[in-house]
Amino acid sequence: MSLPHAILTALLEKPSSGLELTRRFDRSIGYFWSATHQQIYRELGKLEAEGYIRTLASEQPARGQKKSYEVLPAGRAELARWSAASQDPKPLRDVLLLRLRAAAVVGTEGIEADLRRHLELHRRQLAEYEEIEERDFPPDKDSPQDRLRHLVLRAGIDLETFWTRWLTHALDEFAELPADQSR
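First, a word on scope: everything that follows refers to the structure included in this document. (Residues numbered from 1 in each chain as written. Predicted model: local features only at pLDDT ≥ 70, side-chain atom pairs only at ≥ 80, totals over all residues. Heavy atoms only, no water.)

## A look at the overall build of the protein chain
Then, in step 1: For the protein chain, the count of helices and strands is 7 helices and 3 strands.
Then, in step 2: Put simply, the protein chain runs from its N terminus to its C terminus through helices and strands in the order α-β-α-α-β-β-α-α-α-α.
Then, in step 3: For the protein chain, the C-alpha radius of gyration of 21 Å lies well beyond 16 Å, the compact-globule estimate for 183 residues.
Then, in step 4: When its C-alpha atoms are laid out on the principal axes, the protein chain stretches across 70 × 40 × 35 Å.
Then, in step 5: Counting only residues that meet the buried cut, the protein chain has 31% of its 183 residues in that class.
Then, in step 6: Counting every atom, the protein chain has about 12700 Å² of accessible surface; 53% of that belongs to carbon and sulfur.
Then, in step 7: Charge centroids of the protein chain, computed over 27 positive and 30 negative side chains, lie 6 Å from each other. (Helix = DSSP H or I, 4+ residues; strand = E, 2+ residues; numbered from the N terminus. Rg over C-alpha atoms; globule rule 2.2 N^0.38 Å. Buried < 20%, exposed > 50% of the residue type's maximum accessible area, 1.4 Å probe, protein only. Areas by Shrake-Rupley, 256 points an atom, 1.4 Å probe, with all protein chains shown as cover. Lys, Arg positive; Asp, Glu negative; His and termini not counted. Charge placed at Lys NZ, Arg CZ, Asp CG, Glu CD.)

Structure (structure tokens):
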């Protein structure tokens, strides 16, 4: 996924200012595609220059007033083209897995504690996703749009479930290793 397409998606859901987009990224899209405030503003400028979005007319003077943006037909068409295109899955690149592989060669000092830390982080993220699911997706909320949004959230829940199970297994393996693994 690319940031311009994430922004187009968010703006089609609700026309917003750059600040509002940043906050929405922090609460939703940012769970699977993060962006800084500066990146969002830079992309808004590019999308506007490409004719994909426009600034909404303001009733008050523009100086010091936040700009809100909406998607133009060309932006909707670009997002539709992009979402319909085929893309291959990205290979997994995780520094923790690389560090674990390196520990097999140079010793495990510090790795077990970091595995525990990661487990706690993934447990917290899983709890947050489950809270969002309970709050935002009751059984009667089943429009096609809601079902697709829920599907994205379920991917997050399933990934966090995977990581908590895998990290628990990894820590069980560490418990069975000989005491001195430093080489």
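After that view of the structure, there is still more to cover.
## Let's talk about helix H4 (residues 73-84)
The α-helix advances 3.6 residues per turn, and as a result positions three or four apart in sequence lie on the same side.
Then, in step 1: With 12 residues, H4 extends 16 Å between its outermost C-alpha atoms, agreeing within 8% with the 16 Å of an ideal straight helix rising 1.5 Å per residue.
Then, in step 2: Looking only at H4, the buried set comprises Gly75, Glu78, Leu79 and Trp82. Looking down the long axis of H4, one finds its buried residues gathered within 95° of arc, a one-sided arrangement. Away from its buried face by more than 90 degrees, H4 exposes Pro73, Arg76 and Ala84.
Then, in step 3: Along its buried surface, H4 packs onto helix H1 (3-13) and strand S3 (68-71). (Expected span 1.5 Å × (residues − 1). Arc of directions from axis to C-beta. Contact = heavy atoms within 4.5 Å.)

## Let's talk about the nonpolar core
Then, in step 1: The biggest cluster of nonpolar side chains holds 18 residues, and the ones touching the most others in it are Ile7, Leu11, Leu21, Phe25, Ile40, Leu44 and Ile53.
Then, in step 2: For Ile40, the contacting residues outside a window of four places in its chain are Leu3, Ile7, Gly18, Leu21, Thr22, Phe25 and Ala35. (Core = buried A, V, L, I, M, F, W, Y, C linked by side-chain atoms within 4.5 Å.)

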